[in-house]
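# Breakdown of the fold
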Amino acid sequence: MSYHDRWPRRVRAVRRLSQAALIPTVWTRGRVVPAYWWDGHPNFGDDLTPWLLPAYGVVPVHRMPQQAVLAGVGSVLEFLPPDFDGVIWGSGLMNDAARPLPKARVLAVRGPLTGERIGAPGDAAFGDPGLLVSRRMRRPVPRWDVGFVPHGHHRSHVGLAALAEATAGSRVVNVHQSARRTVREIAACRLIVTTSLHGLVTADAFGIPAVWTTLDPPLGGGDFKFRDYEAAVTPGRTRYAAWEDGMPIADLRRAAWSVDANTVADLGDGLERALGRLDEELPDLPRFPRVR
């Protein structure tokens, strides 16, 4: 039975609702929201939507874009229909191209490049919701000196594997895990080297020095999502370092730095305030646990 089949999807939905039910906020003011996030395969960045939202009294139930009223974390905006009139919260585009969504109620987008290309209003908040993970989990005691966080497409990259093998005290983080487990592993590192955007975002949430790079095969959309995110969190600056097979870890250490904590806090506050407008934008949401 594959990850895409009906029963695995239903099991995931039940598990997510059960986990949400453990959060007191859900019972006092929880709302059930038909939401869209990428659920095509296990990936911690995509799992952030159902992991983060219940802490704010929002219980997302996965639906296809045409049935959703909220778009969540990730590069998902190209999947929305052009007449989408639901809420966008922290989502981004995959590609650097105009994608007008004139009817959408844009509470927040990943970065200003996405905002410009979808025609977001001037009061939309910026920031990837992954920046909120440090408000959901305390940072564990560091266990590893360097965490390598390859995108799923790069897990078998020979050069990256060789560098990780040669780096004392390293950890290769598998992004095809739950948000909770992957975030905990990243947070337990002292330095992050990543080709995964949410590896970078998670490092920033905890104030961990980080550097990102690109490998073959290229990701869909190239580096747009990184540039979009950094335009919000480090405007005018980048942690990008060009990859060369055989490069020493010292080169990547020199390119890594931690972002300004006040900027991260301000972006996180903006994302939370934006989410606070959800009842205003979607007043007819059913209360938890009235799930059909």
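Report follows, based on the coordinates. (Residues numbered from 1 in each chain as written. Predicted model: local features only at pLDDT ≥ 70, side-chain atom pairs only at ≥ 80, totals over all residues. Heavy atoms only, no water.)

### Overview of the overall build of the chain
A tally of helices and strands in the chain yields 12 helices and 10 strands. Radius of gyration (C-alpha) of the chain: 19 Å, near the 19 Å computed for a compact globule of 292 residues. In terms of its C-alpha atoms, the chain occupies a principal-axis envelope of roughly 55 × 40 × 35 Å. Evaluated residue by residue, the chain yields a buried proportion of 53% over its 292 residues. (Helix = DSSP H or I, 4+ residues; strand = E, 2+ residues; numbered from the N terminus. Rg over C-alpha atoms; globule rule 2.2 N^0.38 Å. Buried < 20%, exposed > 50% of the residue type's maximum accessible area, 1.4 Å probe, protein only.)

### So, the sheet that holds strand 10 (residues 210-212)
Pairing in this open sheet of 4 strands is parallel, and the strands run 8-7-9-10 from one edge to the other. Of all the strands in the sheet, the pair left with one neighbour each is strand 8 (170-172) and strand 10. Neighbour-to-neighbour, the strand axes of the sheet open up by a mean angle of 15°, direction not taken into account. Bridge count between strand 7 (residues 146-149) and strand 8: 3 bridges; the pairing is parallel. Residue pairing across strands places Val146 opposite Ser170, the latter belonging to strand 8. Packing against the sheet, helix 8 (residues 197-205) makes contact with strand 7, strand 9 (192-194) and strand 10, and its axis sits at approximately 160° to strand 9. (Pairing = 2+ DSSP bridges. Axes fitted to C-alpha atoms, helices over the stretch in contact; angles between N-to-C directions. Contact = heavy atoms within 4.5 Å.)

By themselves, these figures tell us nothing about what the structure is for.
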